[in-house]
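# Residue-level structure breakdown
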Amino acid sequence: MQSSQSIESSLSPLVPAYASILSLAPYQAGKPIEELTREYGISDVVKLASNENPVGCSPQVTLAITEQLSQLARYPDGNGYYLKQALADFNDVNVDQITLGNGSDDLLDILARSFVGADAAMVYSQYAFIVYPMLAKMQGALGVEVPAQRFGHDLKAMSQAVQDNPHTKMVFIANPNNPTGTQLAHKELHAFVASVPSSVLVVLDEAYIEYSPESNNRALIDEFDNVVIVRTFSKAYGLAGLRVGYALSSVAVADLLNRIRQPFNVSRVGLAAAAAALADQDFIKKTRLINDEQMRWLEKQFDALGLGFIKSHANFIMVEIKVEMEDITAASIHDALLKQGVIVRPLDGYGLPNWLRITVGLAEDNMRLIDTLRSILTDD
Ligand SMILES: Cc1ncc(COP(=O)(O)O)c(C=O)c1O
């Protein structure tokens, strides 16, 4: 990658809005299956790198999408009327408490652009979703990273960080957290929200909530006007390719976010697909059952291989590569898996170079992963 100094000189006389943009590293997504096929000529690829739903999506979604195909020349409903109605019923909120997004990344971006200026601070945890520090840089704001506690959010230290940085405008909390899979107790989260000034927006990122329904903190938005809950259809609902997310908040916050978002930020197909996906909660139950069963199986296999892992409450698991053999590192295992058609996620960008994040797949995907991993570790 070009150094920020060389980018600066190539850009000259153009200057980005904030100097911090120059130090921004692009988001590193999981390698697409097509790319591996192109690079290594492997057709039989297993992707366990982006926390997608290996089951796919509800069959109802396919029907809903098909119905939209004759209407593609028409703009979508910019207000997402039907999807918002369905989300309001599902979450027991009013329609005007909802903001739709082009994936939840879009909502995180809209939130930062709405509330965080260059003189502000944003607080987030070490090992939390990597987009949070990126947003601080994009806004030219001060990013305050609070050391994690046992790989999860240290809420007391985060509360202290808010106090220590009086310009804090926003705090990000991922629950369950990506990439560690850790989960926060309701009582502690409630105490945290109560401890921060009402001028600080607490963004609760519940991208994986369907895998851990007990983590649902929907009730917080009834009590606190400075809490926003962000969710997505990309994970358990299996619609990552369509890009649909939503935020639940006070009416006033939703009103502001809806002014900032692009007028048609969710496509016609995305709106119809998300409404159909939400209506099929049996699919979510099935997804959760498969995930739970496969997660237990993977844990047993990692134990048998002598690999440590962090107990996860989502659809992925973080595995520690601490092997006696000298030349085996997380990076070498990642590369060896890639060459054999198995894509997992390296975590160097998170400051976790000895760990890999593995999305829970279907039984056959997981068996392939474990067999390949075993052969790499035992050199056979
Ligand atoms: C914690 C968390 N939040 C938000 C997102 C963004 O997801 P999307 O933009 O697909 O909704 C992800 C995706 O990996 C995530 O892990």
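Provided above is the structure to which this section pertains.
Attention here is on the structure that accompanies the text. Please read all numbers here as calculations on a predicted model, not as lab measurements. (Residues numbered from 1 in each chain as written. Predicted model: local features only at pLDDT ≥ 70, side-chain atom pairs only at ≥ 80, totals over all residues. Heavy atoms only, no water.)

## Let's talk about the overall build of the chain
Under the convention used in this document: In this text, helices come from DSSP runs of H or I with a minimum length of four residues, and strands from runs of E with a minimum of two, each type numbered from the N-terminal end. Taken over C-alpha atoms, the radius of gyration is set against a globule rule of 2.2 Å times the number of residues to the power 0.38. Partly exposed describes any residue whose relative accessible area lies between the buried limit of under 20% and the exposed limit of over 50%, with all areas from a 1.4 Å probe on protein chains only and scaled to the type maximum. By definition, residues are in contact when any of their heavy atoms lie within 4.5 Å. Per-residue and other accessible areas were derived by the Shrake-Rupley procedure at a 1.4 Å probe size, with only the shown protein chains allowed to occlude residues. Note on charges: Lys and Arg go in the positive column, Asp and Glu in the negative column, and His and the chain ends are not counted at all. Just so you know, the charge point we use is NZ for Lys, CZ for Arg, CG for Asp and CD for Glu.
Regarding its fold elements, the chain presents 14 helices and 13 strands. Its C-alpha radius of gyration of 21 Å places the chain within 12% of the 21 Å reference for a compact globule of 380 residues. Seen through its principal axes, the chain has C-alpha atoms that stretch 60 × 50 × 50 Å. Here the chain holds 380 residues, and the buried ones make up 50% of them. Long-range contacts, defined as pairs at least 24 residues apart, comprise 73% of the intrachain contacts of the chain with a sequence gap of at least 6. Carbon and sulfur atoms form 52% of the exposed surface of the chain, whose accessible area is close to 17,600 Å². Side-chain charges in the chain split into 30 positive and 44 negative, and the spacing between the mean points of these groups amounts to 3 Å.

## Here we look at the sheet that holds strand β2 (residues 98-101)
Stated precisely, the cut-off is as follows: Whether two strands pair depends on DSSP finding at least two bridges between them. Axes, fitted as lines to C-alpha atoms, cover a helix only where it is in contact. Angles between the N-to-C directions of the axes lie from 0 to 180 degrees.
Across the sheet, seven strands lie side by side as β2-β8-β7-β6-β5-β3-β4; this open sheet has mixed pairing. Pairing within the sheet leaves two strands with one partner each, and these edge strands are β2 and β4 (142-146). Each strand axis lies, on average, 20° off the axis of its neighbour in the sheet, ignoring direction. Where strand β3 (residues 121-125) and β4 come together, five bridges link them in parallel fashion. Bridged to Ser 125 within β4 is Val 146.

## Remarks on the packing of helix α5 (residues 104-115) against helix α10 (residues 251-260)
Our working definition: For classification purposes, an angle smaller than 35 degrees is called roughly parallel, one larger than 145 roughly antiparallel, one from 65 to 115 roughly perpendicular, and anything else oblique. Note on residue classes: Ala, Val, Leu, Ile, Met, Phe, Trp, Tyr, Cys and Pro are nonpolar, Asp, Glu, Lys and Arg are charged, and everything else, Gly too, is polar.
Running from N to C, α5 and α10 cross one another at 100°; their axes reach a closest spacing of 9 Å. With respect to their mutual orientation, α5 and α10 come out roughly perpendicular. Residues Ile 110, Leu 111, Arg 113, Ser 114 and Phe 115 of α5 form the contact with α10, whose own contacting residues are Val 253, Leu 256, Leu 257 and Ile 260. Considering only residue class, the contact of α5 with α10 consists of seven nonpolar, one polar and one charged.

## A word on the nonpolar core
Considering soluble globular proteins, one finds that nonpolar side chains tend to be buried as a cluster. Stated precisely, the cut-off is as follows: Residues belong to a common nonpolar core when they are buried Ala, Val, Leu, Ile, Met, Phe, Trp, Tyr or Cys residues joined through side-chain atoms within 4.5 Å.
Formed by 53 residues in total, the largest nonpolar core has its most connected members in Ile 173, Phe 192 and Phe 233. At seven residues, helix α11 (residues 268-279) tops the list of elements feeding residues into this core. If near-sequence neighbours (up to four positions away) are discounted, Phe 192 is found in contact with Leu 155, Met 158, Ser 159, Val 171, Ile 173 and Val 202. If you look at the next biggest cluster of nonpolar residues, it comprises 33 residues, including Ala 128, Val 131, Tyr 132 and Met 318.

## Side note on the pairing of strand β10 (residues 316-320)
Of all five residues that make up β10, four are buried, and the element is covered over most of its length. Where strand β9 (residues 308-310) meets β10, three bridges bridge the pair, whose relative direction is antiparallel. Residue pairing in the sheet places Gly 308 in a bridge with Glu 320 of β10. Count of turn residues in the β9/β10 antiparallel hairpin: five residues.

## Things to note about α10
Stated formally: Directions drawn from the helix axis to the C-beta atoms are what define this arc.
Taken as a whole, α10 has its buried residues at Val 253, Ala 254 and Leu 257. Viewed along the axis of α10, the buried residues span an arc of 95°, placing them on a single side of the element. The exposed set on the far side of α10, more than 90 degrees from its buried face, consists of Ala 252 and Arg 259. Buried-residue contacts for α10 involve β2, α5, β6 (201-205) and β7 (227-232).

## Topic: the pairing of β6
Just so we agree on the cut-off: By the criterion used throughout, a crossover qualifies as right-handed when its path from the first strand across the helix to the second strand runs clockwise, the strands pointing away from the viewer.
With five of its five residues buried, β6 lies for the most part within the structure. What you see with β6 is no split at all: Leu 201, Val 203 and Asp 205 on one side and Val 202 and Leu 204 on the other are buried throughout. Judged from the five bridges that link them, strand β5 (residues 168-174) and β6 form a sheet pairing that is parallel. Bridging from a neighbouring strand, Met 170 pairs with Leu 201 of β6. Following the backbone out of β5, through helix α8 (residues 186-195) and into the adjacent parallel β6, one traces a crossover that is right-handed. Pairing analysis gives four bridges linking β6 to β7, with the strands arranged parallel. Its bridge partner being in β7, Asp 205 is matched across the sheet by Val 230.

## Here's the deal with the site of the ligand
Convention followed: Proximity is defined per residue: if any heavy atom of the residue lies within 4 Å of a molecule or strand, that residue is considered near it. Under this definition, polar contacts are N or O atom pairs within 3.5 Å; protein pairs additionally need one hydrogen-donor-capable and one acceptor-capable atom, and for neighbouring residues in sequence, both atoms have to be side-chain atoms.
Inspection of the region around the ligand gives Gly 103, Ser 104, Asp 105, Phe 129, Asn 178, Asp 205, Ala 207, Tyr 208, Thr 232, Ser 234, Lys 235 and Arg 243 as its neighbouring residues. One of the side-chain nitrogen or oxygen atoms of Asn 178 is found 2.7 Å away from an oxygen atom of the ligand. A distance of 2.6 Å separates an oxygen atom of the ligand from a polar atom in the side chain of Ser 234. Of the residues in the shell around the ligand, the class split is three nonpolar, five polar and four charged.

By themselves, these figures tell us nothing about what the structure is for.
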